[in-house]
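Summary of structural features
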Amino acid sequence: MKQPLKLGIPKGSLQEATVRLFAKAGWRINVNGRSYFPEIDDVDIECSLCRAQEMSLYVENGTLDAGITGRDWILENSSDVHYVEELIYSKVSSRPARWVLAVDKESGIETEADLAGKRVATEMVNFTKRYFAERDIPVAVQFSWGATEAKVVNGLADAIVEVTETGSTIRAHGLKIIKELMQSTTQLIANHAAWRDDEKRAKISQIALLLKAALVAEKLVGLKMNVPKIKFQDIVDTLPSLNAPTVAPLYNSDWFAVETIVEESKVRDLVPLLIARGAEGIIEYSLNKVI
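Residues numbered from 1 in each chain as written. Predicted model: local features only at pLDDT ≥ 70, side-chain atom pairs only at ≥ 80, totals over all residues. Heavy atoms only, no water.

1. Some details on the sheet that holds strand S1 (residues 5-11)
- Ordered by their spatial adjacency, five strands build an open sheet running S4-S1-S5-S12-S6, and the pairing between neighbours is mixed. The open sheet has two free edges, formed respectively by strand S4 (45-51) and strand S6 (82-87), since each of these has just one partner strand. Here the strands of the sheet are splayed against their neighbours by 30 degrees on average, with no regard to which way each runs.
- Two strands pair when backbone bridges link them, and strand S5 (residues 66-70) and strand S12 (residues 186-190) are joined in this way by five bridges, in the antiparallel orientation. Bridge pairing links Gly70 to Thr186 in S12. (Pairing = 2+ DSSP bridges. Helix = DSSP H or I, 4+ residues; strand = E, 2+ residues; numbered from the N terminus. Axes fitted to C-alpha atoms, helices over the stretch in contact; angles between N-to-C directions.)

In structure tokens:
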């Protein structure tokens, strides 16, 4: 490439998960102490650490060619960027994050309309203002620097708009969710000018392909086993597979080697069933990428 691709890596809660994902995809990123410019083992990429909340702004104005951030912060900033790939992962799970409207469970507030004239605390100020304005509900939206759930408990707000995956932290603060406003997934985005550049577009597409492949592989494992000929069809019919299992005869015997890819969550139920039907020598192995 004539110039390296300027790639934004999200600093903060997504940083560690993103570095791990890139490692599975084939890139080693080394974050050195307080440096905002991590090393990467690819001469065609220059990395910069950037808060997810600001990533889309830097991609939009060309400071970065591409970056990884949440769909929520793109909407919050009303950024004009090219959506390259949805990458569903977070610091703790592979579920989309939910932005919800929550109130004190003893408040008597049941709907968003009940908040007319009241105070709403959130980090997503612009999004929240647009949401209530579109529904013609007058509220005072206040920016929250953190510990947003405590704002209602301390009487600083009547409601919050906060991000959650399970809702457990919100419930632990004595709040209840009355509305889910948005689901947000992690996005690989690009500057429009970079996307029109053939070399940079090819590099961004390569990153998208391999990151997506690494995410798919996280939920899957490979299974190998030996299967007797007389029980072959019964066992193969039991196996889930991306397409069809790979089968090869074992040397000088009436047995076959069978290999397939399955969802990891199904292995605990599948293995006892395979053993009961005659499979032997079962091996489970992890995957880096599935394309």
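2. Some details on the packing of aromatic side chains
- Tallying each qualifying case throughout the model produces six aromatic pairs.
- Ring geometry for Phe143 against Trp145: centres 4.8 Å apart, planes inclined by 90 degrees, an arrangement best described as edge-to-face.
- When its relative accessible area of 81% is taken as the criterion, Trp145 is described as exposed.
- Here the aromatic rings of Phe232 and Phe256 are separated by 5.0 Å at their centres, their planes lie at 45 degrees, and the arrangement is tilted. (Phe/Tyr/Trp six-rings, centres within 6.5 Å; stacked < 30°, edge-to-face > 60°. Buried < 20%, exposed > 50% of the residue type's maximum accessible area, 1.4 Å probe, protein only.)

3. What about helix H2 (residues 52-60)?
- Inspection of H2 places Ala52, Met55, Ser56 and Val59 among the buried residues, and these make up the whole buried set. For H2, the arc enclosing every buried residue in end-on projection is 85 degrees, short of the 170-degree limit, so these residues lie on one face.
- Among the structural elements, S1, S4, S5, helix H3 (71-77) and S12 are those in contact with the buried residues of H2.
- Of the residues flanking the end of H2, it is Gly62, one or two places downstream, whose phi is positive at about 90 degrees. (Arc of directions from axis to C-beta. Contact = heavy atoms within 4.5 Å.)

4. A short note on the side chain of Arg98
- With respect to the element layout, Arg98 can be found in strand S7 (residues 97-104).
- Using a relative accessible area of 19% as the deciding quantity, one classes Arg98 as buried.
- A distance of 3.3 Å separates a polar atom in the side chain of Arg98 from a polar atom in the side chain of Glu180.
- Leave out the neighbours within four places in its chain, and Arg98 touches Glu162, Val163, Thr164, Glu165, Thr166, Gly167, Ile177, Glu180, Met182 and Gln183. (Polar contact = N/O pair within 3.5 Å; in protein donor to acceptor, adjacent residues only side chain to side chain.)

5. Quick look at helix H4 (residues 125-134)
- Where H4 is concerned, the buried positions are Val125, Phe127, Thr128, Tyr131 and Phe132. The buried residues of H4 occupy an angular sector of 165 degrees when the element is viewed end-on, so they sit on one face. Turned more than 90 degrees away from the buried face of H4, the exposed residues are Ala133 and Glu134.
- Elements that come into contact with the buried residues of H4 comprise H3, S7, strand S8 (119-122), strand S9 (140-143), strand S10 (159-164) and strand S11 (175-184).

These values are about where atoms sit, not about what they do.
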